[in-house]
Structure formats: C-alpha cells, structure tokens
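# Coordinate inspection notes
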Amino acid sequence: MAVRIHFTDADLAQIRLAPAPDPMWEALLSMHMLQTDTGAAVFGGWRRRIRRELPADVRPLLRLAPPVGYSADFLTPTAGTGGLDAGVGALLSTPRGRFRGDLLELSRAGRGLPPWARPLADGDKEAVAHLARSFRGYFETALAPWWGRVRARFDAERAIHSRYLADGDHGDQGDLGGLLSTLHAGLVWRKPVLEVTGVGADRDVHLDGRGLLVLPSYFCWRKPTLLRDPALPCVVVYPMTHGTMLGGGASGLRSLNALLGRTRAGILELVADHGLTTTELAHDAGISPATASHHVGVLRKAGLLSTCKAGKTVLHSVTPLGMALLDGRA
C-alpha cells in the first residue's frame, strides 16, 4: 500500500525542507505515542511521566488523535512551521466546514469524541477556544520540557540533508528530488513520483504546482505519514534519527563512564546530540582524528554506533542499543 505523489517540473522546484520542528505535528504524533506502548527504548520514560502528569481537562483532546487510523487534520495546520503561537492561531481560524468534516470522519470510524465535539463541529467560539486551550495545555505538559532536545535532533537531521545538497554530485535525479530518496526507507523516489509506503490504502496525489514540504519529526515512529485530504497543502512527515531518549539524565552518563571509559562515553553522548563525521567528533572531543576513529570502531563493533554516507560525507550516529545505554536502562 502506498500514496503516490506526482510532481510536475514546477513542483520539483518547490520541494522545501522545514526550517524548524512543527509543534502541531509533534503534538499530534506524540499523542499517538502516548496511547501505545511502542518505541519503549526512546519514549518509555517520557510516556510514563506524561501519563501521570497530563491534566484531566486536557485528556479528552487525545480522542481527536487515535493511535491507529484517522486523526483530525485540523490539528496540524501548515502555519505550525512558524511556531506554536502561529499554529494555535491557525487552529483558532479553522473554517467550520473543516471542523465538521474531520469530526464526522472520526465518528464514522467509531471513535468516541469528547463532549465538546458537537459545538466544535458547529463552529461555536467557546468550543474552538477550549480546543486551543487544551492544545496549549497538552504542549506545555508533554512537549515544552523536552523541546530543546527535539530541536537539537531536528537541527542535526536537517544538517545531514544540507550536506547532501551542498555535495552537488547526485547524478541525473536533481538535487531536491534525489534528496527524497535519502530521507527514509518508506520514501521511494522514482522521478517524477514519490511513493510513501505503509500509509493506508493506495491512492494518488497530484501536486499540480503546489510543491511539497518535507518535515522530519521526533515523534513520528517507524514510517512516514501525511494528511489524508488531498486538497490540503502536501506535507510529508518522516521519522528523524533519534539520539538520547526523552527523560534520560546524568546518572546514565556516569554509568557509561564506568562501563566504557570517559572518552568513549563522551563520544557516545556527542554523537547522540548530532550526527558527526570523524573529524568533527575529534574536534568536539578534543582528541586526534586517529584516536577518534579507533574509538568509533570499538563502539561500532559493540553495536552502539552506526555509520552511514550522506552524499560524500560519512556520519556516525547512535544505535537503539546505544540510546538505551545513554538512558541508563540497558
């Protein structure tokens, strides 16, 4: 099963990498993760804490974002790329027809809706304001304390793709088109069509000059996703590479010092925060490139680091086992 996104030449010129993480998408996808037990190595500590701390008056919001199947498209307006205030402002300006259509889609799927869904579908101003307050309350509890980590991982992910574009030697696919094939295994580029696999029923989306926004997401898990309604702006969201887990602390690094030695533990921590080349790693760790290469080799053989190419650049990143060690739970 795949969604096939068809590009014109004009669309190829309008492929955009999101400049910053989108708080609206991260909130929606984190709601999915909160309601499952998947991704425990990355999200387990975060999930346990948020299940304890999420205010009771915010919890009904989760009904609009079930972990399987359709979630309300109005929760992820494109203005979210401009930050939380812009995203919530767009949410407040959602047309009544969008509220009604999305809520009807949820009810058709047999989802239990919150008690304020009916007035929201009618565009009631207080219901819309309550939705916005609930969204902000969710973000403040579930995302704000970790937003610095999310932003750091996003910046590292975007830096990898910027290096690909700067390399400039990508055959005949075209720089931005070729980039699509490097983002995630669930994205398959066969010019002029991008296949997004594992996202439900087969369908075709024709961009017709609208272009495409590509958005790495911290809380997107395993496979890419996109909005169901083809009339909405086309955004492809895909899972970014994870570093240390949400909720990890200094105790994990102290344990690593004893297990691996201070230098290798420090290397693991550095690479978790940013995908790094050997030269960059040597510089940041204050050691020679030869020493850095040796330690990377040891960590890679132990299954704690992996190495991949991004264009002509070779980058080191942390494996799930390495992330578990950093969190102190392996």
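Summary of the structure given here. None of the values given here were measured: they were computed from a predicted structure. (Residues numbered from 1 in each chain as written. Predicted model: local features only at pLDDT ≥ 70, side-chain atom pairs only at ≥ 80, totals over all residues. Heavy atoms only, no water.)

### Here we look at the overall build of the protein
Helix and strand counts for the protein stand at 14 helices and nine strands. Evaluated residue by residue, the protein yields a buried proportion of 47% over its 330 residues. The contacts of the protein with a sequence gap of at least 6 include a subset with a gap of at least 24, amounting to 69%. Just so you have it, the protein exposes about 14600 Å², and 53% of that area is on carbon and sulfur atoms. (Helix = DSSP H or I, 4+ residues; strand = E, 2+ residues; numbered from the N terminus. Buried < 20%, exposed > 50% of the residue type's maximum accessible area, 1.4 Å probe, protein only. Contact = heavy atoms within 4.5 Å. Areas by Shrake-Rupley, 256 points an atom, 1.4 Å probe, with all protein chains shown as cover.)

### Comments concerning the sheet that holds strand S7 (residues 235-239)
Spatially, the three strands line up as an open sheet ordered S2-S6-S7, and their pairing is parallel. Whereas interior strands pair on both sides, the edge strands pair on one side only; in this sheet they are strand S2 (15-17) and S7. Here the average twist between neighbouring strands, direction ignored, is 25 degrees. Two strands pair when backbone bridges link them, and strand S6 (residues 212-217) and S7 are joined in this way by five bridges, in the parallel orientation. What sits directly across from Leu-215, in S7, is Val-237. (Pairing = 2+ DSSP bridges. Axes fitted to C-alpha atoms, helices over the stretch in contact; angles between N-to-C directions.)

### Describing the sheet that holds strand S1 (residues 2-6)
Within the open sheet, the four strands sit side by side as S3-S4-S1-S5. Their pairing is mixed. At either margin of the open sheet sits one strand with a lone partner, and together these are strand S3 (187-190) and strand S5 (203-206). Across this sheet, the average inter-strand angle for adjacent strands is 20 degrees, counted without regard to direction. When S3 meets strand S4 (residues 193-197), the two strands line up antiparallel, connected through four bridges. The residue bridging Leu-187 from the neighbouring strand is Val-196, located in S4.

### Some thoughts on helix H4 (residues 84-92)
Of the residues making up H4, those classed as buried are Leu-84, Gly-87, Val-88 and Leu-91. One side of H4 carries all its buried residues, which in axial view fall inside an arc of 95 degrees. (Arc of directions from axis to C-beta.)

### Description of the side chain of Ser-71
With respect to the secondary-structure elements, Ser-71 resides in the loop between helix H3 (40-53) and H4. Once residues within four sequence positions are removed from consideration, Ser-71 is found in contact with Leu-28, His-32, Leu-64, Ala-65, Pro-66 and Leu-106.

### Here we look at the environment of Gly-82
Considering the arrangement of structural elements, one finds Gly-82 in the loop between H3 and H4. By relative accessible area, Gly-82 is classed as exposed at 59%. Between the C-alpha atom of Gly-82 and that of Pro-23, which follows or precedes it by 59 residues, the distance is 9.0 Å.

### Points about the nonpolar core
Judged by nonpolar contacts, the single largest core of 68 residues is most densely connected at Trp-46, Leu-64, Phe-74, Leu-131, Phe-135 and Tyr-138. In this structure Tyr-138 touches Ala-27, Ser-30, Met-31, Leu-34, Trp-46, Leu-54, Val-58, Leu-61, Leu-62 and Leu-143, once residues within four positions along its chain are discounted. Ile-5, Leu-187, Leu-194 and Val-205 belong to the second largest nonpolar core, which has 21 residues in total. (Core = buried A, V, L, I, M, F, W, Y, C linked by side-chain atoms within 4.5 Å.)

### Overview of the pairing of S1
Here is the key point about a regular strand: its side chains alternate between the two faces of the sheet. As paired elements, S1 and S4 share five bridges and run antiparallel to each other. Paired with His-6 across the bridge in S4 is Val-193. The pairing of S1 with S5 spans four bridges and is parallel. Pairing of His-6 across the sheet is with His-206, part of S5.

### Focus on unusual backbone geometry
The amide bond that connects Lys-191 to the next residue, Pro-192, takes the cis arrangement and shows omega of 5 degrees. Tracing the sequence through the fold places Pro-192 in the loop between S3 and S4. The backbone phi angle of Asp-208 is positive, close to 50 degrees, even though this residue is not glycine. Mapped onto the secondary structure, Asp-208 falls in the loop between S5 and S6. At Arg-222, a position not held by glycine, the phi torsion is positive, near 75 degrees. Within the secondary structure layout, Arg-222 lies in the loop between S6 and S7. Looking at Arg-222, the relative accessible area reads 63%, which means it is exposed.

### Quick look at the packing of aromatic side chains
Across all of its chains, the model carries nine aromatic pairs by this definition. Ring centres of Phe-43 and Phe-219 lie 5.1 Å apart, and the angle between their planes is 20 degrees; this geometry places the pair in the stacked category. Separated by 176 residues along the polypeptide, Phe-43 in helix H3 and Phe-219 in the loop between S6 and S7 bring together distant segments of the chain. What makes Phe-219 buried here is its relative accessible area of 1%. Centroid distance Tyr-218 to Phe-219: 5.6 Å. Interplanar angle 55 degrees. Geometry classified as tilted. Judged by its relative accessible area of 0%, Tyr-218 is buried. (Phe/Tyr/Trp six-rings, centres within 6.5 Å; stacked < 30°, edge-to-face > 60°.)

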